[in-house]
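What follows is each chain in one-letter form.
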Amino acid sequence: MSLSVRPIGTLGGVLSAGLVAVLVAGCSGSSGSETVAAAAAGGSAPPRAAATGPAPTPTPTPTPTGPYVALGDSYTAGLKISPQQVAEPKGCSRSAVNYPSLVAQALGLAGERFHDVSCSGARTGDLTGAQSTDGGVNPPQLDALTPATRLVTLGIGGNDAGFMEVVGQCAKENLVDALKGLVGSGRAAAPCRDSYAAADGGDQVQRKVDSAGERLGETLKEVKRRSPQARVYVVGYPALLPADPASCVPVLGSTVAGGDLGFLVEKEQQLNAMLKRRAEAAGAVFVDLTGPSAGHDMCAGETARWVEPPFPTQGLAAIHPNAKGQEGAAAAVLKALRG
């Protein structure tokens with residue numbers, strides 16, 4: 001996501017290590033030919049020897065060795081996090097310490113074995129079409145994929161759902177109510193939730209999330225077509241608010257009404273749930289960042305937070321991950337990679 005406004009099975013149905021061990025064990029005892037021969041002779045299959053010794057240690061999932069392609073929006077690119085990458089276009093604001101760069105470094109991937117084409121402000125349509133930025137045009141992100149690609153991370157969907165617009169609208173609705181003297185009224189308890197449901201009685205944000213999910217599903221099919229041997233990881237969004245959003249009121253002040261903080265938590269949960277469903281349906285891995293980022297939301301305090309609040313540390317982007325957030329995301333992705 002950006003102010004113009006990512007991780008269950010693996011691609012191709014890769015079996016879990018435990019299941020592989022079971023299947024191997026099932027194929028390594030008495031052979032099928034022994035059983036067939038015994039039955040033909042009117043006897044019974046020879047008894048299997050009782051298992052002895054410790055159970056075999058599951059084989060860990062091999063870590064991909066690249067080439068690695070990183071796709072996504074500003075939560076992937078690392079908007080305003082220094083140092084910036086030299087890679088063009090500059091309008092994408094990719095950081096040299098975003099989670100794709102940290103993952104690539106940990107895997108020893110560089111040069112032609114690592115391509116970060118994420119771009120701030122990207123929507124799912126920018127994966128297959130060119131994206132215009134203030135600092136140039138970013139080619140379709142999927143163009144970076146090739147049959148040789150072995151690892152793909154994808155963090156996108158927030159801009160499609162208009163999540164930053166929702167946050168802005170909530171702040172606006174709260175300000176309007178304050179100016180009208182409605183603070184303390186029933187509506188002022190959650191004016192933003194009321195506004196999004198008022199037009200036709202439906203959930204406007206959920207409809208956008210569902211629509212983004214349909215586009216993401218098609219995109220993941222295209223990733224599979226272009227890079228059939230790649231392992232694909234869909235990276236979710238970190239927790240923006242704590243489990244008890246009311247604890248954020250002292251930090252956010254009058255920016256968003258207390259009742260609407262719960263509304264924002266609910267909308268982000270819907271977004272991450274959609275990403276998880278679409279990843280699983282496509283045979284990709286969903287990398288959850290909600291759990292790892294618990295206690296590191298934008299109200300956690302400057303030394304603990306992974307996401308900046310509406311009034312961020314100087315030089316950083318509001319309601320976006322900081323360097324700690326990128327490090328946390330990289331750790332979650334690497335944990336998923338190593339199975």
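The structure reproduced in this document is the subject of the present report. Only a predicted model underlies this, so the values are computations on that prediction, with no experimental measurement involved. (Residues numbered from 1 in each chain as written. Predicted model: local features only at pLDDT ≥ 70, side-chain atom pairs only at ≥ 80, totals over all residues. Heavy atoms only, no water.)

### Things to note about the overall build of the protein
Then, in step 1: What the protein contains, in helices and strands, is 11 helices and 7 strands.
Then, in step 2: By the burial criterion, 46% of the 339 residues in the protein qualify as buried.
Then, in step 3: With an accessible surface of roughly 15,600 Å², the protein has 59% of that area assigned to carbon and sulfur atoms. (Helix = DSSP H or I, 4+ residues; strand = E, 2+ residues; numbered from the N terminus. Buried < 20%, exposed > 50% of the residue type's maximum accessible area, 1.4 Å probe, protein only. Areas by Shrake-Rupley, 256 points an atom, 1.4 Å probe, with all protein chains shown as cover.)

### A word on the nonpolar core
Then, in step 1: Counting 50 residues, the largest nonpolar core has Leu71, Leu241, Phe263 and Ile319 as its most contacted members.
Then, in step 2: Every element with two or more residues in this core is listed here: β1 (68-72), β5 (151-155), α6 (163-179), α7 (191-198), α8 (204-226), β6 (231-235) and α10 (258-281).
Then, in step 3: Setting aside chain neighbours within four positions, we find Leu71 in contact with Thr76, Val117, Ser118, Leu127, Gln141, Leu142, Val152, Thr153, Leu154 and Gly155.
Then, in step 4: Within the second largest apolar cluster, 20 residues are counted, among which are Phe114, Ala329, Leu334 and Leu337. (Core = buried A, V, L, I, M, F, W, Y, C linked by side-chain atoms within 4.5 Å. Contact = heavy atoms within 4.5 Å.)

### Focus: the pairing of β6
Then, in step 1: Counting buried positions along β6 gives 5 out of 5 residues, so the element sits mostly inside the fold.
Then, in step 2: Where burial is concerned, the two faces of β6 agree: the one with Arg231, Tyr233 and Val235 and the one with Val232 and Val234 are both buried.
Then, in step 3: Here β6 runs beside strand β7 (residues 285-287); their pairing, made up of 3 bridges, is parallel. Among the inter-strand pairings, Val234 is bridged to a residue of β7, identified as Phe286. (Pairing = 2+ DSSP bridges.)

### Some details on the pattern of salt bridges
Then, in step 1: The full count for this structure, using the stated rule, is 8 salt bridges.
Then, in step 2: We note a salt bridge from Lys276 to Glu280, for which the minimum N-O separation is 2.8 Å. Of the two residues, Lys276 and Glu280 are both situated in helix α10; the distance of 4 residues between them amounts to about one turn of the helix.
Then, in step 3: Using a relative accessible area of 33% as the deciding quantity, one classes Lys276 as partly exposed.
Then, in step 4: Residue classification places Glu280 among the partly exposed residues on the basis of a relative accessible area of 34%.
Then, in step 5: Here Arg305 makes a salt bridge to Glu308, at a shortest N to O gap of 3.1 Å.
Then, in step 6: By relative accessible area, which is 2% here, Glu308 ends up buried.
Then, in step 7: Sharing partners across several salt bridges, the network here consists of Asp143, Glu222, Arg225 and Arg226. (Salt bridge = Lys/Arg side-chain N within 4 Å of Asp/Glu carboxyl O.)

### Considering the pairing of β1
Then, in step 1: By the criterion of burial, β1 is predominantly enclosed, with 5 of the 5 residues buried.
Then, in step 2: Note: β1 against β5, 5 bridges, orientation parallel. Each bridged residue has a counterpart across the sheet, and for Ala70 the counterpart in β5 is Thr153.

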